[in-house]
Amino acid sequence: MTTKKKKKKARRRVALVLVSLLSLIFFCTGGGLLYVNNLLNKLDRTKPSGTGSLPSGIFDQSTDDELRRQLDDAQNMNMLQEKGIENILLIGSDSRGSDTGRSDAMMILSINHDTHKIHMVSLMRAMYVCIPTNQGNAWFLLNAAYSWGGTDLLINTIQTNFRVHIDHYVTVDFNSFTQIIDLIGGVEITLTQGECNVMASEYRTLAEPGTHLLTGAQALAYSRVRYTDNDFVRTSRQRTVMTKVIEKAKTMNVLQLANLANQIFPLVGTDMSNSEILSYVANMGTLLNYPVSQMMLPVENQDGEHYVGIMTLPDGSEAYQVDFKNNITELQRFLKE
């Protein structure tokens, strides 16, 4: 199997693991619908709100006039909001429970019911975008929007810059991630010497090259490694961990899965209602047959091998410059396929 096919298969599993888990419990336990509803009520429906405050001087950062013009022109493009397309924003926050944190990982899971396809779109956290705050427009890294204004501001920022309507969100933070890994008994990962060096120096997690059963803390450190290569390879490590989680869940029996759901669901945040989630469960057989494709924004960096349009901000942060019209055009075309 080619690397491309493996990645598509991994993303498909990640996108549908919640639906698969619910479906197994629904059809294999005596409690049926009532039992599943009780499990779903454990999901966190508290909407992350962010800090509500912005760094001093953020509005004074110089912004390229051409970028401003491009974004102004992009606002004349239609927002992609069609009845047959559902867009769910998946958010991995770097919070450890004390605050909202930043959105360390962002992905749009798009289900096209008209073309019977599923699309996965990774959003690079360091894209230089316009964040429409209550205090005015601030130009900064995309992942700052979640920290400043929670899911509402992040969704508004994505819709403003990329003209795609977001219907729902799902969030998991660092604490949730480590607990989930520990609840399933760890994940088996093969580590390189370079990965071990970064894990030891940056995250104080000891490891040696070779294949190991990683704890939640070790798996988190592995998922965050990027200094041995780049941010693009870092996302492949995250997919590796998620694939291992799903593989392990597939070996569990129904009672084990039910117990796992009972412990994991309180760690997951979403604005989807029980009935909306159950509709996915009811259509799981159909959704599983939808082909899955993927892309990454900004499209200029989609090959995952080169940094294109990288820029240094006045505060020293590095960001990716975005060709808004090109990215909006390509994203909308992709989601309509």
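Residues numbered from 1 in each chain as written. Predicted model: local features only at pLDDT ≥ 70, side-chain atom pairs only at ≥ 80, totals over all residues. Heavy atoms only, no water.

**Student:** Any chance you could break down unusual backbone geometry for me, citing the residues and the numbers?
**Tutor:** Cis geometry marks the peptide bond from L297 to P298; its omega dihedral reads 5 degrees. Within the secondary structure, P298 is located in the loop between β10 (292-297) and β11 (310-312). Even without being glycine, H116 reaches a positive phi, approximately 60 degrees. As for its position among the elements, H116 is in the loop between β2 (103-112) and β3 (117-123). Judged by its relative accessible area of 44%, H116 is partly exposed. You will see that R163, though not glycine, has its phi angle at about 55 degrees, which is positive. Mapped onto the secondary structure, R163 falls in the loop between α4 (144-162) and β6 (168-172). (Helix = DSSP H or I, 4+ residues; strand = E, 2+ residues; numbered from the N terminus. Buried < 20%, exposed > 50% of the residue type's maximum accessible area, 1.4 Å probe, protein only.)

**Student:** So what about the confidence of the model for the protein? Which residues, and what values?
**Tutor:** Looking at the protein, the pLDDT average stands at 79 and 77% of residues meet or exceed 70. For residues 10-15, every residue scores under 50 in pLDDT, and the model assigns this stretch 18 contacts once sequence neighbours within four places are set aside. The low-confidence segment residues 23-31, where pLDDT is below 50, has 15 contacts with residues more than four positions distant or belonging to other chains. (pLDDT = per-residue confidence, 0-100. Contact = heavy atoms within 4.5 Å.)

**Student:** Go over the packing of aromatic side chains with me, naming the residues and quoting the values.
**Tutor:** Counted by the stated rule, this structure contains three aromatic pairs. Ring geometry for Y128 versus W139: centroids 5.6 Å apart, planes at 40 degrees, classification tilted. Of this pair, Y128 sits in strand β4 (residues 128-133) while W139 sits in strand β5 (residues 136-141), and the two are 11 residues apart along the sequence. A residue is classified by how much of its surface remains accessible, and W139, at 5% relative accessible area, is buried. Look at W139 and F324: their rings are 6.1 Å apart centre to centre, the planes differ by 70 degrees, and that puts the pair in the edge-to-face class. With W139 in strand β5 and F324 in helix α12 (residues 324-336), the pair connects residues that are 185 residues apart, well separated along the chain. (Phe/Tyr/Trp six-rings, centres within 6.5 Å; stacked < 30°, edge-to-face > 60°.)

**Student:** Break down the side chain of T157 for me, citing the residues and quoting the values.
**Tutor:** For T157, the location among the structural elements is in helix α4. In terms of polar contacts, T157 uses its side chain to reach the backbone carbonyl oxygen of L153, at 2.7 Å. Contacts of T157, omitting those with residues within four sequence positions, involve V129, C130, I131, P132, L142 and A145. (Polar contact = N/O pair within 3.5 Å; in protein donor to acceptor, adjacent residues only side chain to side chain.)

**Student:** Give me the pattern of salt bridges: which residues, what numbers.
**Tutor:** Side chains that carry opposite charge are capable of pairing whenever their charged atoms lie near each other. In total, this model carries four salt bridges according to the counting rule given. A salt bridge links D73 to R69; its shortest N-O distance comes to 2.6 Å. With D73 and R69 both in helix α3 (residues 65-74) and four residues apart, this pair spans about one turn of that helix. One salt bridge connects E337 with R333, and the closest N-O pair in it is separated by 2.4 Å. R333 sits in the partly exposed class, given a relative accessible area of 40%. Among the charged side chains, a network of salt bridges with common partners joins E330, R333 and E337. (Salt bridge = Lys/Arg side-chain N within 4 Å of Asp/Glu carboxyl O.)

**Student:** Requested: an account of helix α6 (residues 193-203), with residues and values cited.
**Tutor:** Every α-helix carries 3.6 residues per turn, so stepping three or four residues along brings you back to the same face. Of the positions making up α6, those classed as buried are E195, C196, V198 and M199. Taken down its axis, α6 places every buried residue within 165 degrees of arc, on the same side. Once α6 ends, the next one or two residues include R204, with phi positive near 55 degrees. (Arc of directions from axis to C-beta.)

**Student:** Got a sec to walk through the environment of P266? Specific residues and values, please.
**Tutor:** Tracing the chain through its elements places P266 in the loop between α9 (254-264) and β9 (269-270). With 225 residues separating them in the primary sequence, P266 and N41 have C-alpha atoms 8.6 Å apart. When neighbours within four sequence positions are excluded, P266 is seen to be in contact with K42, D44 and A261.

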